[in-house]
Amino acid sequence: MTDDQHLTAAGNEMSASFLAAQERSNKTAAKLEANPSAFTMLTGDRPTGRLHLGHYFGSIKERVAMQNKGVNTNIIIADYQVITDRDTTENIQDNVLNLVLDYMAAGIDPTKTMIFTHSSVAAENQLMLPFLSLVTEAELHRNPTVKSEMEASGHALTGLLLTYPVHQACDILFCKANVVPIGKDNLPHVEITRTIARRFNERYAKKNPVFPEPAAILSDAPEIPGLDGRKMSKSYGNSIMLGATAEETAKLIKKSPTDSERMITFDPVNRPQVSALLTTAGLTSGRDPREIAEDIGNGGGGALKAFVIDSVNTFLAEHRERRAELAKDMDTVCDILHDGNKRANEIANQTLDEVREAMGMVY
Ligand code: TRP
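All residue numbers here refer to positions counted from 1 along the written sequence of the relevant chain. Confidence filtering applies because this is a predicted model: local features only for residues at pLDDT of at least 70, side-chain atom pairs given and counted only at 80 or more, and all residues used for totals across whole chains, interfaces and linings. The side-chain numbers reported here are obtained from all heavy atoms of the structure, hydrogens and water having been left aside.

### Some points on the domain arrangement of the chain
- Segment limits for the domains were obtained from an automatic or database-derived domain assignment. Domain annotation for the chain reports domain 1 (16–224 + 330–359) and domain 2 (243–327).
- For domain 1 and domain 2, the distance between their C-alpha centres works out to 32 Å.
- Contacts between the two partners involve 14 residues from domain 1, matched on the other side by 12 residues from domain 2.
- Criterion for a salt bridge: a side-chain nitrogen of Lys or Arg within 4 Å of a carboxyl oxygen of Asp or Glu. Inspection of the region where domain 1 meets domain 2 yields 1 salt bridge.
- We note a salt bridge from Arg-323 to Asp-102, for which the minimum N-O separation is 2.8 Å.
- Counting from the N terminus, the helices are DSSP H or I runs at least four residues long and the strands are E runs at least two residues long. Of all the secondary structure elements, the ones that give two or more residues to the side of domain 1 that touches domain 2 are helix 2 (53–69), helix 3 (92–105) and helix 14 (330–358).
- Sort the elements by how many residues they give to the side of domain 1 that touches domain 2 and helix 3 lands first, with 5 residues.
- By residue class, the composition of the side of domain 1 that touches domain 2 is 11 nonpolar, 1 polar and 2 charged. The criterion used for residue contact is that any of the two residues' heavy atoms lie within 4.5 Å. Each residue gets one label: Ala, Val, Leu, Ile, Met, Phe, Trp, Tyr, Cys and Pro are nonpolar, Asp, Glu, Lys and Arg are charged, and the others, such as Gly, are polar.

See below:
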């Protein structure tokens, strides 16, 4: 095969496995709807900064919905993943506590959802050793997300970056999660998790499988663009933070770029910046962005921005109020995390016992 053909073959293979994952995602979502209590969900975030509207619509909203349906829900704050592609843990404690604030303000109830930090659960981390024996170096090197994270970091590939999808398998499997809501970029990690679960069971636990093979649930929320029309990302300074004040939000929206055309139209291809503002207004007001554009008509960028500021700040008002109230008592927030960590340790110890027993390592 020529290089081009190789590339096309790899592309086809990826899209075939993507389609299979999407189909599995749809089927799992339907089963979960019918019988929520049969499901254990685990997902999580890296504590690298504050959550923004993209996180809310892309994942937090769905987590709250699953929790309220009666799924057994678990959220990991993946602190060790922070050092996969950066060499500082500056502000990590502050980032972690602020994640807890945003989760709770968004409707995560810690009496229903276990919230915990990766580094606090030693037995979960110990699963790494047997799990690493179940994957080859070639499989690790093939992970497209690891590759692109390495390129973006501008650093050499560290052992941690190469193997973090296996950590993520530990995150998912220590609590025997069978459903993992994620974005597309995390799909390869759920695939390797399925492989690890299957290989562990085949090798050590044929009669009594220890692990389920979890299914990814892919978010079906439209990706919310950043205020400049690019992907919403903290590093671009184009993100609306859930915890920002109404004034900060207004300032940020006011200085976002538009174009000189007075007539407002929804046209993501030719007018990405105007359209990003309309999409933001649409998601936060629950209306069709085209209809909003028609209402604004000849009002120009000023009227558009005033509309966006109002709909975003109205949408986030309650979240921000709850967040500020919770932030008055950070001791309680710390207690919630301690409690989640305690429960996570109990579950991880139990699973590690089962693993050692299946492997005959009982002395
Ligand atoms: N990799 C995920 C992210 O960066 C965070 C994460 C860590 C995660 N462990 C997980 C997601 C387990 C799902 C399941 O967004």
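Still to come is the rest of the account.
### A few points about the packing of helix 11 (residues 272–285) against helix 13 (residues 300–327)
- Angles run from 0 to 180 degrees between N-to-C directions of axes, and those axes are lines fitted to C-alpha atoms, restricted for helices to the stretch in contact. Across the interface, helix 11 lies against helix 13 with an axial gap of 9 Å and an inter-helix angle of 35°. In the crossing of helix 11 with helix 13, the sense of the turn from one axis to the other is left-handed. Contacts between helix 11 and helix 13 involve Val-274, Leu-277, Leu-278, Thr-280, Ala-281, Thr-284 and Ser-285 from the former and Leu-304, Lys-305, Phe-307, Val-308, Ser-311, Val-312 and Phe-315 from the latter.
- Taken together, the residues of the contact of helix 11 with helix 13 break down into 9 nonpolar, 4 polar and 1 charged. Handedness of a crossing follows from how the near helix is turned relative to the far one, being left-handed for an anticlockwise turn of less than a right angle and right-handed for a clockwise one.

### Overview of the site of the ligand
- Any residue with a heavy atom lying within 4 Å of a molecule or strand is counted as near it. The local shell around the ligand holds 13 residues, among which Arg-46, Gln-81, Gln-168, Asp-171 and Asn-186 are the closest.
- Contacts to the ligand include Gln-168, whose side-chain N or O atom sits 3.0 Å from a nitrogen atom.
- In isolation the ligand offers 370 Å² of accessible surface; the protein chains occlude 88% of this area.
- Partitioned by chemical class, the residues of the shell around the ligand number 6 nonpolar, 5 polar and 2 charged. In protein, a polar contact requires one atom able to donate a hydrogen and another able to accept it; more generally it is a pair of N or O atoms within 3.5 Å, and residues adjacent in sequence count only if both atoms are side-chain atoms. Here, Shrake-Rupley sampling with a 1.4 Å probe gives the accessible areas, and only protein chains in the shown set may cover a residue.

### Quick word on helix 7 (residues 144–153)
- Burial classes: relative accessible area under 20% of the type maximum marks a residue as buried, over 50% as exposed, and values in between as partly exposed (1.4 Å probe, protein chains only). Of the positions making up helix 7, those classed as buried are Thr-145, Val-146 and Glu-149. Viewed along the axis of helix 7, the buried residues span an arc of 100°, placing them on a single side of the element.
- Elements that come into contact with the buried residues of helix 7 comprise helix 8 (159–173) and helix 9 (187–204).
- For helix 7, the side-chain oxygen to backbone nitrogen distance between the N-cap and Thr-145 is 2.9 Å, and the N-cap itself is Asn-143.
- Just downstream of helix 7 lies Gly-154, where phi reads positive at about 70°. Arc, as used here, means the arc of the directions from the helix axis to the C-beta atoms.

### What to know about the pattern of salt bridges
- In total, this model carries 22 salt bridges according to the counting rule given.
- Between Glu-149 and Arg-46 there is a salt bridge; the shortest N-O distance is 3.1 Å. Of this pair, Glu-149 sits in helix 7 while Arg-46 sits in the loop between strand 1 (40–45) and helix 2, placing them 103 residues apart in sequence.
- The salt bridge partner of Arg-287 is Glu-291, with a shortest N-O separation of 3.1 Å.
- Given a relative accessible area of 26%, Arg-287 falls into the partly exposed group.
- We classify Glu-291 as partly exposed; its relative accessible area is 40%.
- Among the charged side chains, a salt-bridge network with shared partners connects Arg-46, Asp-85, Arg-86 and Glu-149.

### Quick look at the pairing of strand 3 (residues 113–117)
- The buried fraction of strand 3 is high, at 5 of 5 residues.
- Side chains of strand 3 alternate between two faces, with Thr-113, Ile-115 and Thr-117 and Met-114 and Phe-116 buried alike.
- Bridging between strand 2 (residues 72–77) and strand 3 involves 5 bridges; their strand directions are parallel. Counterpart to Ile-77 in the pairing with strand 3 is Thr-117.
- In this fold, strand 2 hands off to helix 3, which returns the chain to strand 3; that crossover is right-handed. Strand pairing requires that DSSP identify at least two bridges connecting the strands. Throughout, right-handed denotes a crossover for which the path from the first strand over the helix to the second runs clockwise when the strands point away from the viewer.

### What about the environment of Phe-57?
- Assignment of secondary structure puts Phe-57 in helix 2.
- Residue Phe-57 is classed as buried on the basis of its relative accessible area of 9%.
- The spatial distance from the C-alpha of Phe-57 to the C-alpha of Ser-233 is 14 Å, given a sequence separation of 176 residues.
- Excluding residues that lie within four positions of it along the chain, Phe-57 makes contacts with Ala-221, Ile-224, Leu-283, Thr-284 and Phe-315.

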